[in-house]
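If you want the building blocks of each chain, they are given just below.
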Amino acid sequence: PYYPYSYLNLGVMYIEAKAYKEAIKIFSAGIENNPEAASLYYNSACCYAQLGKPQAALQNVLKSLEIYPELVDFMKQDQELDSIRELPEYQKEFGK
């Protein structure tokens, strides 16, 4: 249960199939067993953004950045997260 990349790889397969809810379930299970795996939070954020849930996406992005701040530049360019960039909380934290 402590193999974060196994959860990540399986979840990404669901993302590729556009099965975002299933991917979130996989990432959530991975987070339960690996609460310090930033990639699981980050990919959950991408799924929530694709499902039109920008607040949940932002929460997961912030958690991923808390764990691994080096993701910030990638996150700012990631088109999967475009929907969160208009949120006041995002703009306060990262600017436009």
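Calculation criteria
Residues numbered from 1 in each chain as written. Predicted model: local features only at pLDDT ≥ 70, side-chain atom pairs only at ≥ 80, totals over all residues. Heavy atoms only, no water. Axes fitted to C-alpha atoms, helices over the stretch in contact; angles between N-to-C directions. Helix = DSSP H or I, 4+ residues; strand = E, 2+ residues; numbered from the N terminus. Parallel < 35°, antiparallel > 145°, perpendicular 65-115°, else oblique. Left-handed = near helix turned anticlockwise from the far one by under 90°. Contact = heavy atoms within 4.5 Å. Expected span 1.5 Å × (residues − 1). Buried < 20%, exposed > 50% of the residue type's maximum accessible area, 1.4 Å probe, protein only. Arc of directions from axis to C-beta.

Student: Residue-level account of the packing of helix H1 (residues 4–16) against helix H3 (residues 38–50), with values.
Tutor: In contact at an axis separation of 10 Å, H1 and H3 are set at 15° when each is read in the N-to-C sense. Judged by the angle between their axes, H1 and H3 are roughly parallel. As for the relative orientation of H1 and H3, their crossing is left-handed in sense. For the pair H1 and H3, contact is made by Pro4, Tyr7, Leu8, Val12 and Ile15 and by Ser39, Leu40, Asn43 and Cys47, respectively.

Student: Can you break down helix H4 (residues 54–67) residue by residue, with the values?
Tutor: Compared with the 20 Å implied by 1.5 Å per residue over 14 residues, the 20 Å span of H4 between its first and last C-alpha is a close match. What H4 keeps buried is the set Ala57, Leu58, Asn60, Val61, Ser64 and Leu65. End-on, the buried residues of H4 take up no more than an arc of 165°, which puts them together on one face. The outward face of H4, more than 90 degrees from its buried face, is lined by the exposed residues Gln59 and Glu66. Of the surrounding elements, those touching the buried residues of H4 are H3, helix H5 (72–77) and helix H6 (88–94).

Student: Describe H1, listing the residues and the values that go with them.
Tutor: With 13 residues, H1 ought to run about 18 Å at 1.5 Å a step, and its terminal C-alpha atoms sit 18 Å apart, in line with that. The set of residues buried in H1 consists of Tyr7, Leu8, Gly11 and Ile15. Projection of H1 onto a plane perpendicular to its axis shows the buried side chains occupying an angular sector of 100°, all on one side. When the buried face of H1 is taken as reference, the exposed residues oriented beyond 90 degrees from it are Tyr5, Met13 and Glu16. Where H1 is buried, its residues meet helix H2 (20–33) and H3. Following H1 by one or two positions, Lys18 has its phi on the positive side, about 60°.

Student: Break down the packing of H3 against H4 for me, citing the residues and quoting the values.
Tutor: Axes are the key here: two packed helices are described by the angle between their axes and the distance separating the axes. Contact pair H3 / H4: the axes reach a minimum separation of 8 Å and the direction vectors enclose 160°. With respect to their mutual orientation, H3 and H4 come out roughly antiparallel. The element H3 and its partner H4 pack so that their crossing is left-handed. Residues Ala38, Tyr41, Tyr42, Ser44, Ala45, Tyr48 and Ala49 of H3 pack against Ala56, Ala57, Asn60, Val61, Lys63, Ser64 and Ile67 of H4.

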